[in-house]
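# Structure at a glance
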Amino acid sequence: LERVEIANAGGTFVFEKKDEEWRLTAPRDLPVEESSLNLMKNALSELIASDPVWPEAGADEREKSGLTKPTATVTWKAGDAGGTLEVGREIAKNETFYVTASGKPGIFTARSRTLEIFTKGLPEFRRKKLVDFDRDKVRTLILETPGREAGPRPKADGGGPGAKPLETMMLTRADALAPWIANTPFQGRADRGRAN
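Residues numbered from 1 in each chain as written. Predicted model: local features only at pLDDT ≥ 70, side-chain atom pairs only at ≥ 80, totals over all residues. Heavy atoms only, no water.

## Describing the sheet that holds strand β10 (residues 140-146)
Two strands in a sheet stick together by hydrogen bonds in their backbones, pointing the same way (parallel) or opposite ways (antiparallel). Taken together, four strands build an open sheet; the order of strands is β10-β11-β12-β13 and the sheet is antiparallel. The open sheet is flanked by β10 and β13 (188-189), the only strands paired with a single partner. Judged from the three bridges that link them, strand β11 (residues 166-172) and strand β12 (residues 181-184) form a sheet pairing that is antiparallel. Note that in β12 the partner of Leu171 across the bridge is Ala182. (Pairing = 2+ DSSP bridges. Helix = DSSP H or I, 4+ residues; strand = E, 2+ residues; numbered from the N terminus.)

## Some thoughts on the packing of aromatic side chains
Under the definition given, this model contains three aromatic pairs. Ring centres 5.2 Å apart and planes at 65° place the aromatic pair Phe13 and Phe125 in the edge-to-face group. One end of the pair, Phe13, is in strand β2 (residues 11-18); the other, Phe125, is in helix α4 (residues 122-125), with 112 residues separating them in the sequence. Taking the relative accessible area as the measure of exposure, Phe13 reaches 2% and is therefore buried. Since its relative accessible area comes to 0%, Phe125 is described here as buried. Of the aromatic side chains, those joined through ring pairs into one cluster are Phe13, Phe15 and Phe125. (Phe/Tyr/Trp six-rings, centres within 6.5 Å; stacked < 30°, edge-to-face > 60°. Buried < 20%, exposed > 50% of the residue type's maximum accessible area, 1.4 Å probe, protein only.)

See the structure below:
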């Protein structure tokens, strides 16, 4: 899988794999939320039609199933292959959606929980992680917090009369499996669970 495009009530969202990394390229260029990407991949690769409703579907059947104006249209590309999936209206009592897929004549039903990801918007698709790094490569951890002595809180800019000095804690480790060692404000072995 190298490209997925979703059109739904929230807009059009394009996901592309470039240099082994997935990015949201439209409506803005953003990193992708990995859990959402995995849900999309699973929905496309493992989608099972639970019931063929209309083996041959005309305009009336598309209208009844909500596929005249789909809830979501998903287009994907995987090497030389590709296809389109249309998601119609939800059938509440059965927790299913009407669906149709390119290369498969007719209209089917499929489980809602598999297809819900295609009805989502930008907040669910963009990565929410604020800091991106490999935690196993961290060798030094420095925490700075206002000191604990009594006195007024520091101003927002961190200075000014009455500001508390920063209390610094520094932890280091030789590699990902080595124990964390505290260097300041004391020297000794640090609590591994808390450091992790």
